[in-house]
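A look at the structure
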Amino acid sequence: MAKHQIIDKARGEGRTVMTEIESKELLRQAGIRVIDTRLALSKEEASSISKQFGFPVVLKIASPDIVHKSDAGGVKLGLKTTKQVGKAYDDILLTVRQRHPQAMIQGVSVQKMARPGVEVIIGMSKDAQFGPVLMFGLGGILVEVLKDVSFRIVPLTKRDAGEMIREIKGYPLLEGYRGQEPVDVSNLEELLLKVSDFVEQNPEVKELDLNPIFAYSDGAVAVDARLILEDVGG
Ligand code: ADP
Ligand code: MG
């Protein structure tokens, strides 16, 4: 689907929250690497998509009403067989429907399981004074507990991107730590610049969250994305 179709569909449903699949598709079209992800409407479809991708895969609830998928019991990682995929599909729908009976559920997203990397996040929010601001940080508890993040105003310069990455306290983790592969930092800089371009070119985007991105020695891939549109217009 083309960008305007994806956005019009959400608008037509009176939504500003894009699902993970919709958000990833918009980012992918902007040249931002995301893990291959497709929507399944049945257990059988989830299995056949899994076989096409190759195991292991990840299943997640696809609902604009569920913002924190793991908290809702809506994420199953490392599924290795069609049997595990089928069970995960049922478990996810059962748990999410129990916990969120009002949620509109589109289906279940099937995606490739990314190999382990260093988890980083990129976010965008709009400041009343400065307009769009990008955030960079390490994923997981480092960002949640320690708030170890950096900010720059959009549009980013190449220099901004380099500084954003290097000024977080956890930067040494990106250079390789206890046998962990060092991350390709120049690739992360390019990624920040691509996200900055995307934000500039899409003023109807109000908020953006790539959380997490798996960073490697040879690139990076976003495994989760959330995009929120401005309330009016577009
Ligand atoms: P939430 O809505 O809870 O943020 P996520 O999609 O971020 O859900 O999934 C939760 C966690 O599961 C992520 O932080 C990441 O560690 C892991 N994860 C999610 N998708 C994948 C994937 N495709 N491959 C590997 N790990 C993943
Ligand atoms: Mg996430």
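The paragraphs below set out a description of the structure included in this document. Just so it is clear, the model here is predicted, and its values are computed rather than measured.

Concerning the sheet that holds strand E4 (residues 75–79)
Strand pairing in a sheet relies on backbone hydrogen bonds, with the paired strands running either antiparallel or parallel. Strand order in this open sheet of four strands is E2-E5-E3-E4, and the pairing throughout is antiparallel. The open sheet has two edge strands with one neighbour each: strand E2 (37–40) and E4. Strand-to-strand twist of the sheet, defined as the mean angle between neighbouring strand axes without regard to direction, takes the value 25°. Summarising the sheet, strand E3 (residues 57–62) and E4 pair through three bridges and their orientation is antiparallel. Bridge pairing links Lys60 to Val75 in E4. Docked against the sheet, helix H3 (residues 43–53) engages E2, E3 and strand E5 (107–112), running at close to 160° with respect to E2.

Examining the environment of Lys126
Relative to the elements of secondary structure, Lys126 occurs in strand E6 (residues 118–127). Here Lys126 falls in the partly exposed class, since its relative accessible area comes to 32%. In this structure, the C-alpha to C-alpha distance between Lys126 and Lys76, residues 50 residues apart in sequence, is 32 Å. Once residues lying within four places of it in the same chain are set aside, the contact partners of Lys126 are Gly131, Pro132, Pro203, Val205, Lys206 and Glu230. Of note is the side chain of Lys126, whose polar atom sits 2.8 Å from the backbone oxygen of Pro203. Side chain to side chain, Lys126 and Glu230 meet in a polar contact 3.0 Å long.

Rules and cut-offs
- Residues numbered from 1 in each chain as written.
- Chains lettered and ligands numbered in written order.
- Predicted model: local features only at pLDDT ≥ 70, side-chain atom pairs only at ≥ 80, totals over all residues.
- Heavy atoms only, no water.
- Pairing = 2+ DSSP bridges.
- Helix = DSSP H or I, 4+ residues; strand = E, 2+ residues; numbered from the N terminus.
- Axes fitted to C-alpha atoms, helices over the stretch in contact; angles between N-to-C directions.
- Contact = heavy atoms within 4.5 Å.
- Buried < 20%, exposed > 50% of the residue type's maximum accessible area, 1.4 Å probe, protein only.
- Polar contact = N/O pair within 3.5 Å; in protein donor to acceptor, adjacent residues only side chain to side chain.

By themselves, these are just geometric observations and shouldn't be taken as functional.
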